[in-house]
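Architecture and fold: a report
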Number of protein chains: 2
Amino acid sequence: MIEYRSLRVALLGAGSVGSQVARLLLEQGDELASRVGAGLELVGIAVRDVDAQRDVDLPRELFTTDASSLILGADIVIELMGGIEPARGYVLQALNSGADVITGNKALLATHGPELFEAAEQVGAQLYYEAAVGGAIPIIRPLRDSLAGDRVNRILAIVNGTTNFVLDRMDVHGETLADALAIATERGYAEADPTADIGGYDAAQKAAILASLAFHTTVPLESVYREGITGVSKVQVDAARENGSVIKLLAICERLTDPETGEEGVSARVYPALISREHPLAAVHGAHNAVFVQAAAAGDLMFYGAGAGGVETASAVLGDVVSAARRHVVGGPGVAESTHAKLPVLDIGRVVTRYQITLEVADQPGVLATVARILSDGDVSVETVQQSIPTTTGVLTVPSAAVISGNAPVHGHAAPTATLVIGTHEAEEAALAATVEALAASDVVTAISSVLRVEGS
Amino acid sequence: MIEYRSLRVALLGAGSVGSQVARLLLEQGDELASRVGAGLELVGIAVRDVDAQRDVDLPRELFTTDASSLILGADIVIELMGGIEPARGYVLQALNSGADVITGNKALLATHGPELFEAAEQVGAQLYYEAAVGGAIPIIRPLRDSLAGDRVNRILAIVNGTTNFVLDRMDVHGETLADALAIATERGYAEADPTADIGGYDAAQKAAILASLAFHTTVPLESVYREGITGVSKVQVDAARENGSVIKLLAICERLTDPETGEEGVSARVYPALISREHPLAAVHGAHNAVFVQAAAAGDLMFYGAGAGGVETASAVLGDVVSAARRHVVGGPGVAESTHAKLPVLDIGRVVTRYQITLEVADQPGVLATVARILSDGDVSVETVQQSIPTTTGVLTVPSAAVISGNAPVHGHAAPTATLVIGTHEAEEAALAATVEALAASDVVTAISSVLRVEGS
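Computed from a prediction, not measured in an experiment: that's the story for all the values here. (Residues numbered from 1 in each chain as written. Chains lettered and ligands numbered in written order. Predicted model: local features only at pLDDT ≥ 70, side-chain atom pairs only at ≥ 80, totals over all residues. Heavy atoms only, no water.)

What follows concerns the relation of the copies chain B and chain A. Here chain B sits on chain A after a turn of 180° about the axis and a move of 0.1 Å along it, with an RMSD of 0.1 Å. Here the copies are linked by what is in effect a two-fold axis. A share of 100% of the interface residues of chain B reappears at the interface of chain A, consistent with the copies meeting face to face through the same patch. (Least-squares fit on C-alpha atoms with pLDDT ≥ 70 in both. Contact = heavy atoms within 4.5 Å.)

In structure tokens form, the structure reads like this:
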């Protein structure tokens, strides 16, 4: 039996992830010591209520309500409390004392990341956060290290398991959003108050973290454009399925180059978007997460796995613990956060994307010409137009050329309106949004039933 | 403009990957310097023939035939020559001089890995090899660092693009192996001599590397069981498709526990195997690679991307260059290779797997009972039996219960034999292999047309 020196590990928080981290540290201590070359001694677990019920049976003597005292003298501090305060204060205390910190706190990183990384750099400590995005999926290290010599152009990511579960139920089982959400709640995939998930707030925090890392640029949470899934209807999901697409809530981080000036900027945004069934992300079912990365040299990469779950996320935390511990053993400072590129973060209006617009229009001659003119006036180029007529078996589509030329066959159906599904070419988001407004204001448009962005092509 | 100190980078080899590495180092020097905090000066490129044609136009003055002199004084040496010697000698020279080494040389690592890691550890140098497995896909770092606190139980990996391209053509286009291989050669996916790929040798080297890393155990190349795809027939591929499966050449690394003693061992093996169309690996098409990892805490993870290609693989090399350079800047030794677990590497006979056996049997009463008895005598439990009768549209199957009980309906077809497709439950490979031999020796069995392992369940 080799005797190792011990590193003191303090754990803040014993929720679903924290309690699993504690269990694994206690159960696998010898194995981890062999891998690290030092023992990992869990010196205590700071919680609000020592007597609260835990997922895992842990030695009572480890628990304390005094986080500050626990942090004193710790080599490694694991923060899994969540929320901004008091987590921020404890993380700063730990970093300032020279301890390495591991956190899974995406809210804290997305809002106070620069302050924390700065504090770490000041004293040569490290801040690890593999668990903050994508649960068990290794994505932080691949972006920070493996792709450090490449140029990431785009990330399309499913980073919120709850919304993916809901959208997948709507797609696969034909459920409404309300029904799917009820099942998600029942099965523990959604919180009692699901706002953070279905409002896209959780995904936006992760988008800020991924974009900052991928583009070597601080991307503040406030600059992440965000739409949740509350507006996604069963009709939209069904129509997407009919058209060989699927709606996913995507966190998108993109490098954009101004075509005139050649200047670069970055965009981080979250919204439900249509992607083709052929896209690898379309096959991500249930509460799984996946991060699809497009890099200049590496091409397309995808990282897939469990995006949440106590024990799964604990795997990512323990990977960081081992990294931190190895650094303690071999000495030397780690890698500072790289934000040297300082690219401007662009407004959503500057993003170039594609729209699918579903319109109800008056079913009369000349309407299609009017719609086409509004699009053309808005500098929005049309890729496809389908006129959909509800039938008993689904939707009947008419080839676009006939429709856009105004020569669409007149169908003898009773409805006073026709449905047009317009797929646009790429255009600036601002132009697309203005064009949708112009369409809405037009006399011939009865209603705009759906506007969805199209991604992944 | 910040002035950085420069790190001296020596490149050995200027093939498809090496020439792209040189190009990217020269083109992206400033950007990489910002990320690293030091300049990366490409001081020279050692090649056999200075005047040879290259994929990329590179400054002639960088080329030299004197690798040894180039290595002298280099901070970072990139070895992309391939083969064992002289690559091994140069890598040792570089490590002994204290330089960090980056290699994409899977043959060298699989055969001389322990010697090289030992040399690196002696002087506190680092050996990086992200490019050796899975081309552009970050898989070494996730296994070494992200999953360092977890317990990898199994890896199923498509790590050879050539064979995946060939098998995918056979599946999607119904081509024969010879035709698919000819197209692979024509398109540059296969070498003029494709033995290393289709014989499974390349995949076996990668399996040795992945298994060593995942199980913290030295897994010698000689201990990797290997079958290539040369025996895979169009009939097998078509039959797999009919049954909702697909044949993939898999590199499999597995942790096995003896059910009686509880002792652990590991297995590394390469063979063509059936996997369900529902498995994520079934969707890996063309020359792409993917590594599917099952870990105790993290659950199922998958890493997907381009498994080969000059510029794609150069991305992985440059990621390692940045890691090495950051280590030079911040000081301190890196991470030693972890082989502390020293688990026994088990023979293929000890592996527990499932077989699909296709037999031609005499079409007469009592045959099925005889076959069933041979299986049972061999301790092989049968999960499914299909009796296939060739028809014009494909294969007609008869429910297993009727067949195995000997009450299969007698079909009035002219063939003197019937085809039985037997799916077994899990059993030790040795028992399965012995049972197949017993079947082959039996009077009632006319021919064994196909034996395939079934993986991924």
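Before going further, it helps to examine the sheet that holds strand E6 (residues 127-128) of chain A. Residue and element names in this part refer to chain A. Ordered by their spatial adjacency, 6 strands build an open sheet running E3-E2-E1-E4-E5-E6, and the pairing between neighbours is parallel. If you trace the sheet from one side to the other, it starts and ends with strand E3 (63-64) and E6, each paired once. Across 7 bridges, the pairing between strand E1 (residues 6-12) and strand E2 (residues 39-46) is parallel. Bridge pairing links Ser 6 to Gly 39 in E2. Contacts from helix H1 (residues 16-27) reach E1, E2 and strand E4 (76-79), with the element oriented near 150° to E2. (Pairing = 2+ DSSP bridges. Helix = DSSP H or I, 4+ residues; strand = E, 2+ residues; numbered from the N terminus. Axes fitted to C-alpha atoms, helices over the stretch in contact; angles between N-to-C directions.)

To continue, consider the pattern of salt bridges. Residues and elements named next belong to chain A. Within this structure, the stated rule accounts for 56 salt bridges over all chains. Arg 327 is the partner of Asp 100 in a salt bridge, and the nearest nitrogen-oxygen pair spans 2.7 Å. Highlighted residues: Asp 100 in strand E5 (residues 100-103) and Arg 327 in helix H12 (residues 310-330), separated in sequence by 227 residues. In this structure Arg 327 comes out as buried when scored by relative accessible area, which is 14%. For Asp 145, the salt bridge goes to Arg 144, with nearest N and O atoms at 3.1 Å. With relative accessibility at 16%, the residue Arg 144 sits in the buried group. The network of salt bridges with common partners includes Asp 171, Lys 234, Asp 238, Arg 241 and Arg 277. (Salt bridge = Lys/Arg side-chain N within 4 Å of Asp/Glu carboxyl O. Buried < 20%, exposed > 50% of the residue type's maximum accessible area, 1.4 Å probe, protein only.)

Remark: a regular strand shows side chains that alternate across the two faces of the sheet. All names here are of chain A. The two faces of E5 match: Asp 100 and Ile 102 on one face and Val 101 and Thr 103 on the other face are all buried. Across 4 bridges, the pairing between E4 and E5 is parallel. Its bridge partner being in E5, Val 77 is matched across the sheet by Val 101. Assessed by its sense of winding, the connection that carries the chain from E4 through helix H4 (residues 87-96) to E5 is right-handed. Of the pairings in the sheet, the one linking E5 to E6 comprises 2 bridges and is parallel in character. (Right-handed = clockwise from strand over helix to strand, strands pointing away.)

Residue and element names in this part refer to chain B. Following both chains from N to C, one finds helix H1 (residues 16-27) and helix H12 (residues 310-330) inclined at 60°, their axes separated by 8 Å at the closest point. Classed by the angle they form, the pair H1 and H12 counts as oblique. Every pair of crossing elements has a handedness; the one defined by H1 and H12 is right-handed. Note on element contacts: H12 touches H1 through Gly 310, Val 311, Thr 313, Ala 314, Val 317, Leu 318 and Val 321, opposite Ser 16, Val 17, Gln 20, Val 21, Arg 23, Leu 24 and Leu 25. (Parallel < 35°, antiparallel > 145°, perpendicular 65-115°, else oblique. Left-handed = near helix turned anticlockwise from the far one by under 90°.)

For the rest of this paragraph, the subject is the confidence of the model for chain A. All names here are of chain A. This prediction gives chain A a mean pLDDT of 89; 92% of its residues lie at or above 70. Element-level mean pLDDT values for chain A span from 37 in helix H14 (residues 400-404) up to 98 in E4. The low-confidence segment residues 391-415, where pLDDT is below 50, has 37 contacts with residues more than four positions distant or belonging to other chains. (pLDDT = per-residue confidence, 0-100.)

The subject of this paragraph is the UniProt feature "active site" (unreviewed entry) in chain A. Residue and element names in this part refer to chain A. With numbering matched to this structure, UniProt assigns "active site" (unreviewed entry) to Lys 206. Topologically, Lys 206 is positioned in helix H10 (residues 201-215). Residues contacting Lys 206, with those up to four places away along its chain left out, are Lys 106, Ala 132, Val 133 and Val 159. (UniProt positions renumbered as here; feature names shortened; annotations may be inferred.)

The subject of this paragraph is unusual backbone geometry. Geometrically, the link from Glu 85 of chain A to Pro 86 of chain A is a cis peptide bond, its omega value of 5° lying close to zero. Along the polypeptide, Pro 86 of chain A turns up in the loop between E4 and H4. Positive phi, normally seen in glycine, also occurs at Asp 379 of chain A, with a value near 65°. In this structure Asp 379 of chain A comes out as exposed when scored by relative accessible area, which is 67%. Look at His 216 of chain B: it is not a glycine, yet its phi comes out positive at around 55°.

One finds Leu 143, Ile 155 and Val 293 of chain A together with Ile 155 and Val 293 of chain B to be the most contacted residues of the largest nonpolar core, which totals 166 residues. Leu 250 of chain A together with Leu 256, Leu 281 and Phe 292 of chain B belong to the second largest nonpolar core, which has 38 residues in total. (Core = buried A, V, L, I, M, F, W, Y, C linked by side-chain atoms within 4.5 Å.)

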